[in-house]
Every structure is written in C-alpha cells, then in structure tokens.
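# Breakdown of the fold
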Amino acid sequence: MKYVGKSVKRVDGIKKVTGSLKYVDDIKLSKMLYAAVKRSPYAHANIVNINIERAKALKGVKDIITGDLFTKRAGLYLEDKNFLAVGKARYNGEAVAAVCAETEEIAQEAVNLIEVEYEVLPAVTNAKDGMKKNAPLVHPDLGDYKCAPVFFPEPGTNISNHYKQRKGDAPKAFEEAYYVIENTFYVPHVQHVPIEPHTAIAQMDADGCLTVWSSCQSPYAVRQSLSVAFDIPLNKLRVISPAVGGGFGSKAGTTLEGIIIPLAMRLRGRPIKLTYTREDEFQNAYVRQGLHSKIKTAVNKEGKITAVQNEFIWDGGAYTEYGVNIAKAAGYASTGPYDIDNVWTDSYCVYTNHPVGGPYRGFGMCEIHFCIEQNLDIVAEEIGLTPYEIRKINGMKPGGTTGTGELVTQSGLMECLEQVSADIKINEKSKLSSSKKVRGKGIACGWKSPSMPNDAGSSAIIKLNEDGTAHLLVSAQDIGQGSDTVMTQIAAEVLSISPDKITIRTGDTDCTPYEWQTVASRITYSAGRAVYEACQDAKSQLLELSQIKLGIYERDLKLKDGYVVSKIYPDKKIAIADLALGLTFDDGSGIHGPIIGRGSFIPPNIRNADKHTGLGEHPVAYWTYGVQGVEVEVDIETGETKVLKVASCFDVGKVINPQLIEGQVEGAILQGMGTALLEELMLKDGKVMNPSFVDYKIPTSGDIPEMIIKFVENPEETGPFGARGVAEPAMVPTAPAIANAIYDATGIRLNTMPMTAEKILSAIKAKEI
Amino acid sequence: MKKTINFILNGEPVEHAVDTNKTLLKMLREDFDLTGTKEGCGAGECGACTVIMDGKAVNSCLVLAVESEGKDILTIEGLTVNGELDPLQTSFVENAALQCGYCTPGMIMTAKAMLNENPNPSLDEIKEGISGNLCRCTGYKKIIEAIHSVAEQNNS
C-alpha cells in the first residue's frame, strides 16, 4: 500500500504549529456578549429563592436566567440533567443562574450580586453509602426519566443503572474451587485535564435558527441533546466544532452549551460566549467516576480461573446521563481479557452529590483493570505462579469466550504478552540501583471494546474536483488523535491520489455528514470504514465512466496515481481530473455529472445482550487486546516512584500511521502514569479541594520513561484495511502494571490509586514496624 | 484606566493604549487578535500562554500588558517570517510533536527561548527546559525529539 501504513505528516500540523488554527475561544464575533455562572456552594440543597434584582441593575448586564425558565431535561442515555439546576442543586458547583453582559468582568460582577437562598440537604458523598436504604435521594423522580432500554435504573434508590452478567454457574464453581481469593480496591475521581478548557458560543437568528460553536468531540450528539432540551428542530440547530484542544472524553457530551443557549434564545442575534476557567474545568466539566470494587476469584490447582464474582460500585456524581453506560461497559468487560467459564458480575451506577461523572479515556476499563490486574497478581502469588504464567494460562485466545458468552475468533493477546515479556525482560529480576532505591517490574493486560449503541453510525462524503483533487467531508473530530490525517490516508489509498491533494473538512452539522460520536476509539474503525466506502463509491463511478471512455471492462481497470488505468495495457488510461465532473464526449455532450462518493457504516450484526444475564452472541463490534510491562524504581526514603521503562504491545489489526499511533500510546502511557502516581480529585463533603494545577499535578516532561512501543496486526475484518481502535486501550494496562511493579519492588500493595510518595512511604514505615 | 505603551510586537513597533489591569495575554488575544497564544489556566501553571519577552520565555497570563513598555515581544505568529516556518515549527510537524495543538504554540516559544540561550541543549536540559509547559496528549517524547533535532541542526 502506498499511503496506509506510512507516517504521513499530520494534515493539521502547520495550522497548529503556527497558532493559526482557530479554537472556539479564539473566535470573536461582532456584538458578542459574555456569560458567567452563579454556582451552588452546597453539594445538595433546595433552592428556596433567587434574587437577581441587584445583578440586573448593574450597567452592562443584558440578561439573567435561572433554571425554572427551561425545565426540560437532557441526556445521552438517561435524560436526568438540566443545564441549570431546577428546584435543587445536586453538586457543589452546579449552575443555578447565568448572566450575560457586555464584558466578562461585568458578567462576573453581576454573578456576585445574585443572592440565592438555599435549604441545605443531607448529601450523598460516598457511592456505597448512597446504595443504603435510608440514603438521601439525589433524584427522587428517577422513575419518570426517559432512558434507553438497555439500562436499568432502580427508581426510589440512587441506583441509575444496575448491570448484571451471569455466565455459567458461578456459585457452583466457587463451591468446587481449589482456591477462593477476595480483594477490594478503590479508584478515586480524576479529571481529564485537556489543556483547552471547555468553551462555547451560541447565537440565535431572528428566524429561530440556532448556531452553537462548541469545543466538542461529537457535534451530532450535542445537536441531538440540545434539540431535545430546547425543543429546536434539527434543521434549525447547527453545531460547529472548529477545533478541539484535547478531549479524552470530557468534551464528548454536552456541558456548558445548555447554559448559554437560553440566553441566546432570549437575546436574538447576539452571540454569547462562555469559557470555563481551569477551576471550572476540574469541578464543572465531566470528571472520571470513582469506583469501589470487590473481586472474588475461584481457581483450580493448575491456576485456571474457574469463576469470578465482581461487584463494581460507581460513584456517578449528580447526573449519570452518560455514566450509566460506563457501568454497563465495565460490567460486560468485567472478566478482563481472560477466558472464564463462570461469571457473576453486578455493576452499579450510583448517584452521589459529587461532580458529574462522564466518559474518560478507557470508559471504565482503566478503573476495572486497576483492580483486575492487581487481583490477578495477588492470586498468582497465592497459588505459586508468576504474573506471566497466570496470564498465559488464563489470557484470551481465539476459541475462548468472553464474559458475555461470545466466541472469540481474533485475539493477539498472547503475542502481545510474549512481546512485552521479552521487551521488559519480565523473568529477570530488576537490579538494585542503590541501598535506598529498589526496583521492580510488573505487567498488566487490558482489553476494550467500543462502548456505543449497537447501531452507532458513521458517514462520509468525498467530492472530486476537476483538477483531480478532492474534498473529504466527515464529522469525525480530530481531537488530537490525528483522525484528520488517518481519514485522509484511507481516502488517498482507495482513490490512489496523494494525501496532499485531499482536503478534509469536519465538525459542522450543516455541512459535514453524520457521525455518532468521536469517542470509544471508534473513529479509525467506524468513520474510517465510512471513508473507505465513500471512496469505493467514487471509484466505482470513475470506473463506470472509464469503461465507456476507454472501451475496457470495469473489472480490468484500476486507480493509479490520479488515473484510471487498464490493468492489462498500462498505457490506456484517463485522468481522474477528466472524469471528476462527468464524462464528456467528442461532440461536447456529457453524462453522469460531478462525482460524489457516499459512504455509510454501522458495525454489522451487533445485537442486544439478554437484560437479565448480560449474555449475547455479538454485543460489541470487536475487542482490542494489549499488554504493558513496566519497570519502576522506588525511593524507600521518600516513597517516590519513578517509572523507568514501559514496554507496550497492542493488537490493532492494522497500523494506518506508525508515527501517529506511537503518539497515541506515548500519550496514553503518560496519562496512565498520572492516574497511577499523582492524580486524584480531592473531595470533601462534595467539594473539590484541589481545582488547580498547583494542587492537582499531571505528568510533566521530567516524568517520561523509556518507552518501547510495538503492535501486532491480526486484522479486524469489518475495519478499514483491518484496523481497530487503540487510543483508549493503550491507557488501560499502565496504572495496574505500575502497581504490580511497585509491589515487586517493595512488597507494598496499596489497592488504591494514586500511589503517591506519601502513601508508599507510610506503607514502608508501617511494614518496618 | 488606560495607559499608552510603546513596544516591539513581532518585529514591528507598536503604540497602544491598554487597560492598566489587563494581562499581556489578554492584550495579545483581544486587542491584537493574536490568538495563537492560548490560555490554559490563567495562573502561570500550564505554559500554554508562553511568549518571548526580551529574549526570555514568560507566561503572558502573569505579565501585565503595561509591563511591555519598551520591551520586545515575540509571539508564535511572529515566528513565521514571510511564510517561512521557523525550524522548530517544521520540526514539530516532522516529528509529530503535537496532537490537539493547544499547548503547541507555548511549547514552541519556550523551546525557542531555550535554544536562543543554549543552542546545544542535552536531552535532559530539554526535558528540564519544557517542564513548565503542560501537554496532556503527546507524552512529551516526540516534543523532546523535535527540539533536539533542531538543536542538532544548529550544531551541524
């Protein structure tokens, strides 16, 4: 292949290095107004009264809204959310009123003049407490909420989804087990920390057409949610996402758009902008849900896991419109990438009075694998196996079955395990670097499937230009992962024209075709496949016309370097440029007209699983498998952990762009290291205590380890050129591999992240005593 | 309250009346539409707003605009001269040293100031030099390689 599999340079590179790419916050529109938000200082409180009079009187203030003006709920999977609190605030920081004014400063000053009277309610600040019978209810009306039929809320409780997986006969397997081992883990809330904070602009024309410029990953999903919330038909609602400065899931759904839309609806013609501060970003954008987990494992004498019983309790926060699906995804992936005959899993999404949980790179997989992979090492040690051996015995191989009972036909997990074990030299003990520093190694496996509705669709349009160039239109968003480049490469390969002759346009629901969402590591796979189909469509039109022009059967024609060429007589050819607007005959007449290729794709035959058992023949598009191994050095005097080396190998089906896929894995490793060692959203009575980079540290350039990054390529038959997704999966094994390496180095297992110097040091001290 | 200041902006002398409480970042973005300089935190912690002031990299969110009086300010827009990219910009593209691009201008300006001061930094010096610029996407490795490759060109 000429373009696929090559490190084609990023098509958005020059715009980004010159600073000329316009992100939403860079957009200045004439007569623009600025919004600011009044937020609840309580985690759970009835709103008794809001007095806006003083704020309204401030010069430069244009309008003020409160939640009671727009009471319709919105949400992706469960419609439980209002953009401005209606009746009560459910988390500390929830928007209760919004102002728009001539300047940001005036808007902020006005916010300070709004007086809100609250009646403070008892708050749910721990998901496990939230499940208790007498717990305060965060959403007493849960039973009235509209919900997709694959989720199971329990009205009258705080449980917004209870996913069950029941495979085989787990109780019997536990009775017959040689060993039964139980472990508990806790994964705290973290935040995505895109460097670009959330931002949006809304403007409604005189005729009721609303345009929203939003730094969002999924313009079409945002359009749909906003349409429901504000009763605006889709043909009058345009969502434009010109650029996204990092998403990682935090910009997948709707967040701040719904705060400014009511203002735009009342102040026709005026664009209204709202940009989050870093503090907002930590508190009022999505956060990653917390997880309390319990894993019970049954093992036979040979080290084969015969059963697992999992309990996952997700701290979903105040709204779980998106979080319900994380509980589901974690539930159906609950075995990890292991072939286990008997499975009993309960995964609960629980409302709490915490910031809103949402999708974060890995979508539950990073969290559950932190538990699964440490549990596996604990089990291995108990029964006298090495971490490598237990994974070799139990790891998913073709012919195995997943927790949902699906037969696995494709899995490169064992190849990845061998590669990583060799690269990290897992069987060689780490050398001591000094008496004060100890070293250790750890490995972890991971798997992930795209967590999306069965019928999540993608589409693409390719327009050929009369000079032989082309425009590719998709709504897959380049959020940094490089999708613009990868989509261009796929088109270039099918059409056999060089990538620099293709211009890609994305992110405008009025102009670029439907894409469900840029999430779930599904873009290369699904949007890529739509691009592939669109170009095949254009190609077949080109061949049809060439057959007439050249007098050669279509079957004997191919596309090559901008021409339709005979496979038999290479000198017989016609330029794509000469066919782009149709075929013209010698008498000047023409046929067909301009060539536009159309491609649509839904992963084939994905069917709902049984709602009581979670079992199903084909409930997900595919699984991506991979392994990472790390070597760490722990300073036993300070407790500080340094990650020295990470070896990574994933089965990605097909590497479309080696340089870009490497970048995905490198970024994922650093993000995984951040959660493992540094990051935690500190919550006290529902309040975020560390909403700044001073108090919430993310990895910097000084933290990078040596990285050995490899791939295996067992093709995914439904993906473009065999490709499947990897951007999220690559983060999944990092944190547990570090935890296992810390144990290898120190004998300390914390069962929680982040494994900070402070925690490790106190564990070392406790051990010495 | 406004004050009139004179300074050099991307090589051009400028006279500008600016609010005395406005930051350099806001002045660049709002008054000059130089939006390549990004705001990531507004508190000097992420480096996204880095520009070069009299040869030194500064967080423009921490500098008051009026402090530009008599200074030479270089932003990402000033790095490209007559459509010719700076070697650092070319190297960032070549090495795929960017993903979402939001930290990129600040990262490049930090690297530019660093190379001006030390044309031959070691890998460790590069790591240290950009440690005040947060990037959430790339894992930094390709950024370090991109800067290092320019340093090597400088010295070849």
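Given the structure is predicted, the values throughout are model-derived calculations rather than measurements. (Residues numbered from 1 in each chain as written. Chains lettered and ligands numbered in written order. Predicted model: local features only at pLDDT ≥ 70, side-chain atom pairs only at ≥ 80, totals over all residues. Heavy atoms only, no water.)

Here we take up helix H15 (residues 658-677) of chain A. For an α-helix, 3.6 residues make a turn, and residues three or four places apart therefore share a direction. Residue and element names in this part refer to chain A. Spanning 20 residues, H15 covers 29 Å between terminal C-alpha atoms, matching the ideal 28 Å at 1.5 Å per step. Of all 20 residues in H15, 18 are buried; the element is thus mostly enclosed. A distance of 3.2 Å separates the backbone nitrogen of Gln659 from a side-chain oxygen at the start of H15, and that oxygen is part of Asn657. (Helix = DSSP H or I, 4+ residues; strand = E, 2+ residues; numbered from the N terminus. Expected span 1.5 Å × (residues − 1). Buried < 20%, exposed > 50% of the residue type's maximum accessible area, 1.4 Å probe, protein only. Polar contact = N/O pair within 3.5 Å; in protein donor to acceptor, adjacent residues only side chain to side chain.)

This paragraph deals with the packing of helix H3 (residues 87-94) of chain B against helix H4 (residues 104-117) of chain B. Residues and elements named next belong to chain B. For the pair H3 and H4, the least separation of the axes is 10 Å and the interaxial angle reads 130°. As summarised for this structure, H3 and H4 are arranged oblique, according to the angle between their axes. Crossing of H3 against H4: the hand is right-handed. Facing Leu88, Gln89 and Phe92 of H3, the residues of H4 in contact are Thr104, Met107, Ile108, Ala111, Lys112 and Leu115. Residues belonging to the contact of H3 with H4 are distributed by class as follows: six nonpolar, two polar and one charged. (Axes fitted to C-alpha atoms, helices over the stretch in contact; angles between N-to-C directions. Parallel < 35°, antiparallel > 145°, perpendicular 65-115°, else oblique. Left-handed = near helix turned anticlockwise from the far one by under 90°. Contact = heavy atoms within 4.5 Å. Nonpolar A, V, L, I, M, F, W, Y, C, P; charged D, E, K, R; others polar.)

Moving on, we get to unusual backbone geometry. Residues and elements named next belong to chain A. Residue Pro754 follows Met753 across a cis peptide bond; omega there is -5°. Despite not being glycine, Val193 has its phi angle at roughly 55°, a positive value. One non-glycine residue, Asn751, lies in the positive phi region at around 60°. Following the sequence through the fold, Asn751 ends up in the loop between helix H16 (734-746) and helix H17 (757-768).

Moving on to the environment of Tyr118 of chain A. All names here are of chain A. Mapped onto the elements, Tyr118 comes out in strand S6 (residues 115-120). Along the primary structure Tyr118 and Thr503 are separated by 385 residues, whereas in three dimensions their C-alpha atoms are 54 Å apart. Those residues in contact with Tyr118, other than ones at most four positions away along the chain, are Arg39, Ser40, Pro41, Tyr42, Ala45, Asn46, Ile47, Val48 and Val96.

Attention shifts here to the domain arrangement of chain A. All names here are of chain A. If you check the domain split of chain A, you get domain 1 (34-121 + 198-275), domain 2 (290-452 + 608-768) and domain 3 (455-601). Between the C-alpha centres of domain 1 and domain 3 there is a distance of 40 Å. Each partner contributes residues to the interface: domain 1 has 19 residues there, and domain 3 has 17 residues. Taken over both partners, the interface formed by domain 1 and domain 3 buries close to 1,400 Å², and the fraction arising from carbon and sulfur atoms is 48%. Sorting the residues of domain 1 by area buried against domain 3 places Gln217, Tyr220 and Arg238 first, and these three jointly supply 44% of that buried surface. Counting across the interface, domain 1 meets domain 3 through two salt bridges. We note a salt bridge from Arg238 to Asp508, for which the minimum N-O separation is 2.6 Å. For the pair domain 1 and domain 3, the interface holds nine residue pairs in polar contact (both at pLDDT 80 or more). Elements supplying a minimum of two residues to the side of domain 1 that touches domain 3: helix H6 (219-230) and strand S11 (237-240). (Domains from an automatic or database assignment. Buried area = accessible area lost by both parts, 1.4 Å probe. Salt bridge = Lys/Arg side-chain N within 4 Å of Asp/Glu carboxyl O.)

Time to look at a nonpolar patch on the surface. Residue and element names in this part refer to chain A. Taken together, the side chains of Ile548, Phe585 and Ile591 make up a nonpolar region of the molecular surface, amounting to roughly 230 Å² of accessible area. Residue placement: Phe585 occurs in the loop between strand S23 (583-584) and strand S24 (590-591). With relative accessibility at 33%, the residue Phe585 sits in the partly exposed group. (Patch = residues over 30% accessible without salt bridge, like charges linked within 9 Å, V, L, I, M, F, W, Y side chains within 5 Å. Areas by Shrake-Rupley, 256 points an atom, 1.4 Å probe, with all protein chains shown as cover.)

With that settled, the discussion passes to the interface of chain B and chain A. Each partner contributes residues to the interface: chain B has 44 residues there, and chain A has 49 residues. Together chain B and chain A conceal approximately 3,800 Å² of surface at their shared face, both sides included; 57% is due to carbon and sulfur atoms. On the chain B side of the contact with chain A, Gln99, Tyr102 and Arg136 of chain B bury the most area, a combined 22% of that side's loss. Remark: the boundary between chain B and chain A carries nine salt bridges. Between Lys142 of chain B and Glu666 of chain A there is a salt bridge, with the nearest N and O atoms lying 3.1 Å from each other.

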